[in-house]
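For reference, the chains in residue letters:
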Amino acid sequence: MTTTTRPGAGPDAAEVRARSGAAGMRLGHRLFVAREVGIGLALVLLVGVTTAVNPRFLSGQGRQDLMLGATILVVLAVGQAIVIITRNVDLSVGSILGLAAFATGKLFLAMPDAPIVLAVLVGTGLGVLCGVVNGALIAVARVPALVVTLGTLYVFRGIDYSWAAGQQINAADMPSGFKSMGTADLLGIPLLALFAVAVLLVAGFYLKSYRSGRELYAIGSDPAAARLHGIPVGWRVFGALVVSGGLAGLAGVLYAARYGTLDAAAGTGIELNVVAAVVVGGVAIFGGSGSVYGAALGAVLLSTIGSALPVLKVNPFWQQAVVGALILAAIGLDRALAARVANRLRGRKARGA
Amino acid sequence: MPERADPVPARLALSGVRKSFGAVHALADVRLELRAGEVHALVGENGAGKSTLVKILAGVHAPDAGELTMDGAPLVLTGPADARAAGIAVIYQEPTLFPDLSVAENIFMGRQPLRGLRRIDTAAMRERATELFARLGVPLDPDRPARGLSIADQQLVEIAKALSFEARVLVMDEPTAALSGVEVERLFAVVRSLREAGAAILFISHRFDEVFALSQRITVMRDGRWVSTDPADELDVAQVVRRMVGREVSQLYPKQPTEVGEVILRVRGLNRRGVFADVGFEVRRGEIVALAGLVGAGRSEVVRAIFGVDPYDAGEVLVDGVRLPGGRPAAAMAAGLALVPEDRRQQGLVMELSIERNATLTRRWPLARFGLLGRGAERAAAQTWTQRLQVKAGRLGDPVSTLSGGNQQKVVLAKWLSTVPKVLIVDEPTRGIDVGTKAEVHRLMSQLAGEGVAVLMVSSELPEVLGMADRVLVMHEGRLVSEIARDAATEESVMLAATGQGGRA
């Protein structure tokens, strides 16, 4: 990537901008794009190699499976990214998903004719409620999010288990309209995946274009400075956890639609996959930088690895090791990039002075 | 204070303001009156309560008593957002930027220009930031991240921030501390134009030439109390200093002449990329050497590297002619180095542990028998040293957090002196401690030098540097720019070197 003078701009303007404005913009932009492009390339490479080994990997059904497989993780990753950007974390999303999925099943057992919209509202609402509990504990009791959500991970799961009391809801109990939502598609894209895309676009737009969205980045970048700026840190963090909870609830409804068979263990352990996806996707674990798009790409990459490794005849035992190596590589890349940028910015200053 | 008939109420007035943190009285009965179209200087020693006052004006702290009025109407600030809404802009001593966000976003955070659907208008934001920088006359790029900006540039971003919302009251807490001469002139031009536009400005500085050049009235504070407010043209520097200190300066710094011996600590070509470069100096037995410079000049980083807390890329540290391995504090301690760090709460003490535990932390192994640390041995050792340093504590078993700042600092000193160091490195040894304890710490340092210990002191307080040091080394932007002997060291010569103008003077 060389940065020679662009033809369009006039000579003086080009010179001025090249010296100050454009250089910085390109630097910032390049960094942002580099990460997303990197994950995108890894994804293309993975899909390419796997398809070369087994062409059916990218057949119509194969594509559907890939997209469906990524859907739930993407929805969770978007919520998690919002929380991590504020230098917090939400470990309870797996349990919220389980609770919401089971609630959806129960709803249809009680009211077989319930409209799908109601199921979505109930599941999301339940997630929001869980998020309110998380957010209130963090903001009011000033307990770190890691500890609070670790606690609620068990609490929500416990509620789920005691409510289910060993009961399993079978796909046969679900109304066919709801089940068909799990398999329906629009122009070759599964309906469920469209939910994820919608969530992603709305969240990405909000974080980029709204004051409160930018404030989330500010909080993660320097919480003390954010307070001095008069940013309502407590409320914003509370909001982030509520959104994360709500999205986990939505993911629960999608889970119910996709699998149909539900028990209290749905989504157990998925929270760590989500955090991994977000970190691989370039959201700094100490907040302040990254994007939901990156997090979503990270989620797609992780779920695609999950589907590709069996096709590549890789021992399933290795799958976790691959995911782990990917996280370490992502973090290593972050450190290296951060060090380079820091040097570069310092170097520029020294030259400029 | 000469009371004049003033038909217009002050833009911002404080009266009877009191603020305590626990047992520490930060402010007692403080008053201040900022008028529109006037620069008001606030001077006082470190620890006089200036920063606390700033935080009250910024809405960060609520006063325990007293009241604020703006244009005659009572003003209650429940948080920084209130202060901003009232038109009060605060530029803190240390810039408060978001490193991950762009410069333009830092300026307009929470007040970004909007377009339809309340979206942020990025183009307008960038344009306005560019305009602001043009007005300030600096070629800063609004799109670069704030990370990596020099302190001076960060300060400029803060000023652009204050400009951007047309502040009615501008509070500047030592804005010039890290600026060079040209940058200061530029800042003053901006401040004057703001004043002419009718803003009320509170200016805090330790540089008297600036105070007198810029301000119309001067308020002096000491030990958290209001001392005086007078028109600037009725005062001179000597009067202000006397009111600030409240005593003769000489008795504060009981420097005894000592016999300077052979070189103990020798630093050669020490380099850490982007932090400091080519730092070399020597410290001799019985000598107190001060490392002066502005905040951010890299002084603490140098001593941390010498002690092995931080790594360095090139160069060497020799103690008694023996080279120290880099990055190993344990080796530095074994060679006879001791480092009293800058931030005692974070780096100097384990706040939850007892006084005796803290005081003996450096001697865990010598005090242990068969690897087990007995309470008796600890207590005895702690007793000796806390008595020698006259630590005022209820019981040695109490958590160290219950002590006052000055006594905490004594515990840190006790902990390091008990290792009987050959070289004592102290980083801001008297920051934030009361005047009495300050004098005790100074007497102790002087006494140690007399016993043949080499003392390397990092200090931002010029009187301390001038009063205590046999030699002053001055750093500017990561480089050692000047070495000044005790006789030649004056407030002026050190400041000039520290702001990077030593060569020209």
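All chains use their own residue numbering, which begins from 1 and follows the written sequence. Numbering of ligands from 1 and lettering of chains from A proceed in the order in which they are written. Reporting of local features is limited, given that this is a predicted model, to residues whose pLDDT is at least 70; pairs of side-chain atoms are given and counted only at 80 or more, and all residues count toward the totals for whole chains, interfaces and linings. To obtain the side-chain values, all non-hydrogen atoms of the structure were included, while hydrogens and water were left out.

An unreviewed UniProt entry lists chain B under the name Ribose import ATP-binding protein RbsA 1, with Plantactinospora endophytica as the source organism.

In the annotation of an unreviewed UniProt entry, the entry for chain A reads Autoinducer 2 import system permease protein LsrC, and the organism field reads Plantactinospora endophytica. Quoted verbatim from the Subcellular location (unreviewed entry) heading of the UniProt record, the comment on chain A is "Cell membrane". UniProt positions are given in the numbering used here, feature names are shortened, and annotations may be inferred rather than shown by experiment.

A.B. asks: When you look at the sheet that holds strand 20 (residues 454-458) of chain B in this model, what are you seeing that I'm missing?
C.D. replies: Pairing between the strands of a sheet comes from backbone hydrogen bonds, and it takes one of two forms, parallel or antiparallel. Residue and element names in this part refer to chain B. Taken in spatial order, the 6 strands of this open sheet run 18-19-20-15-21-22, and their pairing is mixed. Single-partner strands in this sheet number two, and they are strand 18 (337-340) and strand 22 (479-485). Adjacent strand axes in the sheet meet at a mean angle of 20° when their direction is disregarded. Two elements, strand 21 (residues 471-476) and strand 22, share 6 bridges in a ladder whose sense is antiparallel. The residue bridging Leu473 from the neighbouring strand is Glu483, located in strand 22. Those strands touched by helix 9 (residues 299-307) are strand 15 (288-293), strand 18, strand 19 (423-427), strand 20 and strand 21, and its axis lies near 145° from that of strand 18. Packed onto the sheet, helix 15 (residues 405-417) meets strand 18 and strand 19 and runs at close to 170° relative to strand 18. Here the rule is simple: two strands pair whenever DSSP picks up at least two bridges between them. Comment: elements are numbered from the N terminus, with helices defined as DSSP H or I runs of at least four residues and strands as E runs of at least two. Interaxial angles span 0 to 180 degrees and are taken between N-to-C directions of axes, which are lines fitted to C-alpha atoms, for helices over the stretch in contact. Throughout, a residue-residue contact means that at least one pair of heavy atoms, one from each residue, lies within 4.5 Å.

A.B. asks: Any chance you could explain the confidence of the model for chain B here in plain terms?
C.D. replies: Predicted coordinates in regions of low pLDDT should not be interpreted in detail. Residues and elements named next belong to chain B. pLDDT is a residue-level measure of predictor confidence that goes from 0 to 100. Averaged over every residue, the pLDDT of chain B is 85; the share at 70 or more is 94%. In the model, residues 1-5 has pLDDT below 50 throughout and makes 6 contacts with residues more than four positions away in sequence or in other chains. Prediction confidence for the complex, expressed as pTM and ipTM, is 0.77 and 0.81 respectively.

A.B. asks: Can you help me understand the sheet that holds strand 16 (residues 314-319) of chain B in this one?
C.D. replies: Residue and element names in this part refer to chain B. Ordered by their spatial adjacency, 4 strands build an open sheet running 14-13-16-17, and the pairing between neighbours is antiparallel. Two strands bound the open sheet, and with one partner strand each, they are strand 14 (276-284) and strand 17 (322-323). Of the strand pairs in this sheet, strand 13 (residues 263-272) and strand 14 are connected by 6 bridges, and their pairing is antiparallel. Within the sheet, the bridge partner assigned to Arg266 lies in strand 14 and is Glu282. Along the sheet face, helix 9 touches strand 13, strand 14 and strand 16 and points at about 70° away from the line of strand 14.

A.B. asks: What's the story with the domain arrangement of chain B in this structure? I'm lost.
C.D. replies: Residue and element names in this part refer to chain B. The assigned domain composition of chain B is domain 1 (12-97 + 149-242), domain 2 (247-336 + 421-505) and domain 3 (350-420). Taking the mean C-alpha position of each, domain 2 and domain 3 sit 25 Å from one another. Each side of the interface is counted separately: domain 2 has 17 residues, and domain 3 has 14 residues. Looking at the side of domain 2 facing domain 3, the largest losses of area belong to Pro421, Glu440 and Leu444, adding up to 39% of the total buried there. The term salt bridge refers to a side-chain nitrogen of Lys or Arg lying within 4 Å of a carboxyl oxygen of Asp or Glu. Here domain 2 is connected to domain 3 by 1 salt bridge. Two residues, Lys410 and Glu440, come together in a salt bridge whose shortest N-O distance is 2.9 Å. Contacts described as polar in this section are N or O atom pairs within 3.5 Å, which, within protein, must combine one atom able to donate a hydrogen with one able to accept it, while residues neighboring in sequence count only if both atoms come from side chains. The interface formed by domain 2 and domain 3 holds 2 residue pairs in polar contact (both at pLDDT 80 or more) in total. Source of the domain bounds: an automatic or database domain assignment. Buried area adds together the accessible area that both of two parts lose upon being put together, with accessible area traced by a 1.4 Å probe.

A.B. asks: Got a minute to help me understand helix 9 (residues 211-221) of chain A in this structure?
C.D. replies: Note on helix geometry: an α-helix contains 3.6 residues per turn, so any two residues three or four positions apart are oriented the same way. Note on classification: 1.4 Å probe, protein chains only; a residue is buried when its accessible area is under 20% of the maximum for its type, exposed when over 50%, partly exposed between these limits. Of all 11 residues making up helix 9 of chain A, 10 are buried, and the element is well covered by its neighbours. Within the span of helix 9 of chain A, buried status applies to Ser212(A), Gly213(A), Arg214(A), Glu215(A), Leu216(A), Tyr217(A), Ala218(A), Ile219(A), Gly220(A) and Ser221(A). For helix 9 of chain A, the elements touching its buried residues are helix 3 (60-85), helix 8 (191-209), helix 10 (223-228) and helix 11 (233-259) of chain A together with helix 3 (103-108) and strand 8 (119-120) of chain B.

A.B. asks: Quick question: what am I supposed to make of helix 1 (residues 50-57) of chain B here?
C.D. replies: Burial runs high along helix 1 of chain B: 6 of the 8 residues are buried. Along helix 1 of chain B, the residues that are buried comprise Lys50(B), Thr52(B), Leu53(B), Val54(B), Ile56(B) and Leu57(B).

A.B. asks: Help me out: how do you make sense of unusual backbone geometry in this one?
C.D. replies: Although it is not a glycine, Glu174(B) sits at a positive phi angle of roughly 45°. In this fold, Glu174(B) is placed in the loop between strand 9 (169-173) and helix 6 (181-196).

A.B. asks: Please explain the confidence of the model for chain A as it appears in this structure.
C.D. replies: Counting all residues, the mean pLDDT for chain A is 85, and 87% of those residues have values of 70 or more. The model gives residues 1-30 of chain A a pLDDT under 50, and that stretch makes 28 contacts with residues more than four places away or in other chains.

A.B. asks: For this particular structure, what's the right way to read the nonpolar core?
C.D. replies: Buried Ala, Val, Leu, Ile, Met, Phe, Trp, Tyr and Cys residues that are joined via side-chain atoms within 4.5 Å together make up what is termed a nonpolar core. If you look at the biggest cluster of nonpolar residues, it comprises 97 residues, and the most contacted ones within it are Ile72(A), Leu76(A), Val78(A), Ile82(A), Phe178(A), Val292(A) and Phe98(B). Per-element accounting of this core gives the leading share, 15 residues, to helix 3 of chain A. Apart from residues lying up to four places away in sequence, Val292(A) is in contact with Val78(A), Ala81(A), Ile82(A), Leu200(A), Ala203(A), Gly204(A) and Leu207(A).

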